[in-house]
Amino acid sequence: MRVSRMMLVTLRDVPADAEIVSHQLLLRAGYIKRVTSGIYAYLPLMLRVLQKINSIVREEINATGALETLLPQLQPAELWEKTGRWNSYTAGEGIMFHLKDRQGRKLGIGPTHEEIITTIAKETIHSYKQLPVILYQIQSKFRDEIRPRFGLMRSREFIMKDAYSFHSNEDDLGKTYTCMDIAYKKIFSRCGLKTVPVDADSGAIGGAASQEFMATAEAGEDLIMISSNRDYAANQEKAISIPKRPKPLPTGNTSIINTPNQSTIDELCSSNKFDPSQIIKVIIFIAKEENGGLQPLLISLRGDQKLNEVKIVNTLHNKLGINVIDLYPITIDEIRNQGLCEFPFGYLGPDLDDKYLLGAKTWKNKFLRIADHTATKLKLFICGSNKENHHVTHMSWDKLGGIPLSVDIRKAEVGDLCVHDQTQTLSSIRGIEVGHIFQLGRKYSDSLDAKYTNESGGQESFWMGCYGIGISRLAQAVIEQNHDENGIIWPISIAPYEIIISIANTKDKTQTKLGEELYNKLIKLGIEVLLDDRKERAGVKFKDADLLGIPWRIVVGREAEFNKIELFERSSRNTTLMIVDDAIKKLSSEIPSKRS
RNA sequence: CGGGAUGUGGCGCAGUUUGGUAGCGCACUUCGUUCGGGACGAAGGGGCCGCAGGUUCGAAUCCUGUCAUCCCGACCA
């Protein structure tokens, strides 16, 4: 392709809207154009990158035995109602774009495709003999993100590869899950992306085992907790660790103490020489349930621990079968709006009476009481007395009327010891989520009544897995990891072009002629080559070539008359003066070997 | 949605406090001189100053409303 013909417009100034380097470079080098918030046009150069990524993804996913499909983006509400996701995906700040057609039928614009694919599987797969089946597609997905940002990193329309697998038993699902794990690692490494697999929360999609692939980058939105030897890594939402040992409370009798103006852990500790680990703090949240119910939660935590809200949502779902669509701390205004008397905030105890909720307008009038393991393990502790300005020391769970539901709802912190290996400590790094694999189990097949006939003639729900890769996000993540002050440095495997020939002076006939010859020869060799034939000064062409990030550059310049060119490698910035034929030889052996 | 900020040619910005009818750099066009790391000079083209009302003889500038964009939080490939 000739640069003079490719609608290339590069920007010298950094667009004001772009915050992170990869986004700035995509805009400056003319790869993408913003159309509206979170919605981008992929310009010709970008499309080539995406197509390269797609073909790597296709190769590796096809190799797992998966079949490519293309599913509709417009999806009927009924399917989403069956899985119970229509409300949570559309109501309030729902993430699904949705609309009504002219007959008034409700449709959603696909943020994901479990409903569709499971329905298709249900209608197509009737016997265990047809299993397992893996289906996938690569196409645009739509999510009405609360806050789109960072260009393609979090956009509202984005390209995703999503695969879904169907199995007759859990073991088989596990096998495919492992295959995908391996395929994903190959894909990311072929794309030149450094990733860390982490244990993940399975979020709104639901399910059992789940792993995220994080591209490590300072600009990443996710915090990853990782052990020193990298054996363990988890999303902060899911991370577990060994909490520090509590400082035992010296023996003593249960007694109420005066604690005026000591409504925080800090104040309480500094005034009474307590250690935060000797205290139980109590927090009240409201869990908004899928069916609209508002359940007050009375949560007990050890004073030195922090609450992990995601773990609470999961606990409610997994242990109590409550599907929570929103979780938020209560406020004084809300208590008033409920028509209730004020709570003794700052002095709450785990035994706060349900009578505080009597007469609530929309809240349920019984607390759901849960506590973190670190709290329930304390034999003796200090806690609020449910009376302003008073705490209780040497309290025990017995005296409080028993131990509430004991679960892990604390945040793992940097410096904690790891559960898998107590010689390791946790530290944190930032990452960009580029892939996610789940073992869904039978959640969707059950709710959509997707069954097949098993060996003994009975009906059974499919075991399912789902596996996503954010294609457009991945492309940008690669830039985040591969750039310098001059621009992008594409790995050759996904570069839009492999070589750019810069003719230093287009008025020089010798240079132009040699450039054109070289261009044609390289094309014949099957190399993807750009010819910068623009009537620009050499400096402009060099700057643009660096900015675009093409892995190799050939400069046809002063030495053209001696049949020599300069070969420049973008990543190392090494330049070699070479005879033309030697350069061709070198490139035609080197480039194909590094494409993989 | 809550908190913060900004909207002025394609991009980056000044002008707004103290109303007088729009300017700078980059990019674009033409000519000349240059010609290996974003050249220089000269001459040009392009903007109803986000939009709608209002105040005023007169509004980019003041007032009201509205829309959009970006940043911080919840969301997620």
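Small disclaimer: the values here were computed from a predicted structure and weren't measured.

A.B. asks: Mind showing me how you'd approach the layout of surface pockets here?
C.D. replies: Left-over empty space is what a probe sized like a water molecule reveals as it rolls over the atoms. In this model, the second largest pocket occupies a volume close to 470 Å³. Forming the boundary of the second largest pocket are 21 residues, of which His23, Leu27, Lys33, Arg34 and Tyr40 lie nearest the centre. Only α1 (21–28) and β1 (32–36) provide two or more residues apiece to the lining of the second largest pocket. The leading source of residues in the lining of the second largest pocket is β1, at three residues. Considering only residue class, the lining of the second largest pocket consists of ten nonpolar, five polar and six charged.

A.B. asks: Whenever I open this one, helix α15 (residues 538–548) confuses me. Can you help?
C.D. replies: For the α-helix, the turn length of 3.6 residues means that residues three or four positions removed from each other point alike. Three or more residues of α15 are buried, namely Lys541, Asp544, Ala545, Asp546, Leu547 and Leu548. Trailing α15 by a residue or two, Gly549 shows a phi angle of about 85°, which is positive.

A.B. asks: It is not clear to me how the domain arrangement of chain A should be interpreted in this structure. Could you clarify?
C.D. replies: The parts lose accessible area when they come together, and the size of an interface is often stated as this lost area. Parsing chain A into structural domains produces domain 1 (47–73 + 110–229 + 428–479), domain 2 (255–407) and domain 3 (497–595). Once you take the C-alpha centre of each, domain 2 and domain 3 turn out to be 68 Å apart.

A.B. asks: Where do I start with the nonpolar core in this structure?
C.D. replies: Across soluble globular proteins, nonpolar side chains show a tendency to be buried alongside one another. Judged by nonpolar contacts, the single largest core of 63 residues is most densely connected at Tyr31, Ile53, Tyr184, Phe188, Val434, Leu474 and Trp490. Summarising the domain contributions, this core has at least three residues from each of domain 1 (47–73 + 110–229 + 428–479) and domain 3 (497–595). Those residues in contact with Trp490, other than ones at most four positions away along the chain, are Tyr31, Val49, Ala475, Val478, Ile479, Ala495, Pro496, Leu548, Gly549 and Pro551.

A.B. asks: Would you take a moment to explain unusual backbone geometry for this structure?
C.D. replies: Only a minority of non-glycine residues have a phi that is not negative, and only a minority of peptide bonds are not trans. Note the cis peptide between Leu131 and Pro132, where omega equals 0°. One can find Pro132 in the loop between α5 (114–124) and β7 (133–142).

Analysis parameters
- Residues numbered from 1 in each chain as written.
- Chains lettered and ligands numbered in written order.
- Predicted model: local features only at pLDDT ≥ 70, side-chain atom pairs only at ≥ 80, totals over all residues.
- Heavy atoms only, no water.
- 1 Å grid on protein atoms, 1.4 Å probe; cavity = no way out; pocket = protein on both sides within 12 Å on 5 of 7 lines; lining within 4 Å.
- Points joined across faces, edges and corners; volume = space filled by probe spheres on them.
- Helix = DSSP H or I, 4+ residues; strand = E, 2+ residues; numbered from the N terminus.
- Nonpolar A, V, L, I, M, F, W, Y, C, P; charged D, E, K, R; others polar.
- Buried < 20%, exposed > 50% of the residue type's maximum accessible area, 1.4 Å probe, protein only.
- Domains from an automatic or database assignment.
- Core = buried A, V, L, I, M, F, W, Y, C linked by side-chain atoms within 4.5 Å.
- Contact = heavy atoms within 4.5 Å.

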